[in-house]
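What the coordinates show
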Amino acid sequence: MKKLKKLVSSKLYLFYFISSILIVYMHSNPLQWGIRSNTGGICSYIDSFFQTLSCTAVPFFFVASGFLLYKDLTFDHIKLTIKKKIRRYGVPYLAWSVICFLLMDHLRNMQYKYIPLYLLTSSFDGALWFIEVLIFLVLLSPVFLWIFRSKKVSILVLVLLFIFSYYINIPISGSSIEVILLSPFQEHLKIAFPYYFLGGFLGKFYFDNINKEKYYSRILSVVLSVCLLILYGQYFNNFPVRITGIVYVILLQAQAVFWWMILPSKIFNYKDHWWYHRTFFTYAAQWIFIWGVAKVLDYFHLMGRYVSFYKLFGLRVLISIFIVIITILLGQLFYIYLPKAYLFLTEGRVKK
């Protein structure tokens with residue numbers, strides 16, 4: 001079994017942790033609660049920068065998941081691996097869905113017969129669409145593994161997946177509850193498919209290179225920094241360089257993947273802190289607290305207000321910090337005092 005070096009593994013968990021924080025920031029936008037603002041000032045630039053970074057988080061999750069699965073997956077163990085992965089993803093997925101269902105008062109506006117469909121489409125805990133899609137991709141493991149027998153064929157399929165994910169859209173029409181709930185799955189799958197396959201490709205053909213950190217280069221680091229600045233500049237109308245289409249999407253979403261591959265562990269002196277391993281708990285539990293924030297804003301009649309952008313940005317940062325800290329501490333309390341419940345909610349997603 002191929003194992004990541006300790007420092008490389010710590011770097012991976014650190015990127016997981018950072019990505020989960022960016023996801024919380026993405027979901028903590030006060031605009032979704034009707035709070036409006038003018039734009040401008042330094043806070044607007046900072047917010048745009050974090051918006052740019054947050055778009056890299058989900059693709060990185062899928063790349064890392066594919067990388068870790070396919071680095072040593074073979075047909076000899078594929079059935080057992082699929083069963084383990086579905087259990088590992090499915091148990092916490094259903095657990096968090098039930099928790100959100102009970103806490104967030106979904107019964108009030110719902111027909112009981114649709115509860116199973118809501119559970120299967122991450123409708124109770126919206127952030128868990130990632131796990132829903134991941135389970136589907138795990139079921140396709142035999143197909144991916146068959147493709148990975150040939151490196152040339154894999155490269156061709158990878159290119160086609162990125163092209164199709166951007167240009168191909170299967171129209172889904174209808175007003176039934178089934179269509180409304182299932183139609184987002186297509187959009188989520190379009191994001192996940194190419195990056196998950198990319199992760200599997202890297203794990204299958206370039207594991208040793210990544211594990212030995214052979215891709216570190218000052219020149220490549222400078223190039224990626226320039227790309228990040230160009231992506232950031234797309235938020236401003238007077239920025240001289242414009243990129244659009246599939247090039248923009250790939251450069252934007254794959255930034256975290258590139259940085260994870262080229263940044264050497266030693267320059268950061270990584271330490272494997274316990275809070276790196278609360279990523280999944282934070283990712284899953286955030287939805288409850290975002291719902292709670294909405295309730296608090298509504299209680300104090302703050303929804304629909306017009307404020308300065310400084311206040312809007314400050315509110316977003318405070319909400320993000322609060323949710324990250326409270327979910328990390330809550331996860332630690334569960335881990336210490338209710339270890340069985342913690343393992344049930346994360347299916348062992350913690351370093352012993």
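A brief look at the structure comes next. (Residues numbered from 1 in each chain as written. Predicted model: local features only at pLDDT ≥ 70, side-chain atom pairs only at ≥ 80, totals over all residues. Heavy atoms only, no water.)

1. A few points about the overall build of the protein
Within the protein one finds 16 helices and two strands. Long-range contacts, defined as pairs at least 24 residues apart, comprise 85% of the intrachain contacts of the protein with a sequence gap of at least 6. On the protein, roughly 18,500 Å² of surface is accessible, and the fraction owed to carbon and sulfur atoms is 68%. (Helix = DSSP H or I, 4+ residues; strand = E, 2+ residues; numbered from the N terminus. Contact = heavy atoms within 4.5 Å. Areas by Shrake-Rupley, 256 points an atom, 1.4 Å probe, with all protein chains shown as cover.)

2. A word on unusual backbone geometry
Although it is not a glycine, H301 adopts a positive phi angle of roughly 55°. A relative accessible area of 62% places H301 in the exposed class. (Buried < 20%, exposed > 50% of the residue type's maximum accessible area, 1.4 Å probe, protein only.)

3. Points about the pattern of salt bridges
Between side chains of opposite charge, a pair can form as their charged atoms come close. Tallied over the full model, the rule gives two salt bridges. The partner of R316 in a salt bridge is D47, with the nearest N and O atoms 3.1 Å apart. Taken together, the residues span a long stretch of sequence, with R316 in helix α15 (residues 309–337) and D47 in helix α2 (residues 42–54) at a distance of 269 residues. Side by side, R316 and D47 carry an identical accessibility label, which is buried. A salt bridge links K71 to D72; the shortest N-O distance between them is 3.2 Å. (Salt bridge = Lys/Arg side-chain N within 4 Å of Asp/Glu carboxyl O.)

4. Description of the packing of helix α3 (residues 57–70) against helix α13 (residues 255–262)
Between α3 and α13, the least distance of the axes is 8 Å, while the angle of their chain directions is 50°. In terms of axis orientation, α3 runs oblique to α13. Here F60, V63 and F67 of α3 come into contact with α13, specifically with A256, V257 and W260. Tallied by class, the residues present in the contact of α3 with α13 amount to six nonpolar, no polar and no charged. (Axes fitted to C-alpha atoms, helices over the stretch in contact; angles between N-to-C directions. Parallel < 35°, antiparallel > 145°, perpendicular 65-115°, else oblique. Nonpolar A, V, L, I, M, F, W, Y, C, P; charged D, E, K, R; others polar.)

5. Digging into the nonpolar core
Judged by nonpolar contacts, the single largest core of 97 residues is most densely connected at F60, F62, W96, L137 and Y196. It is helix α14 (residues 279–299) that provides the largest number of residues to this core, a total of 11 residues. With residues near it in sequence (within four places) discarded, L137 still touches F62, F144, L189, A192, F193 and Y196. (Core = buried A, V, L, I, M, F, W, Y, C linked by side-chain atoms within 4.5 Å.)

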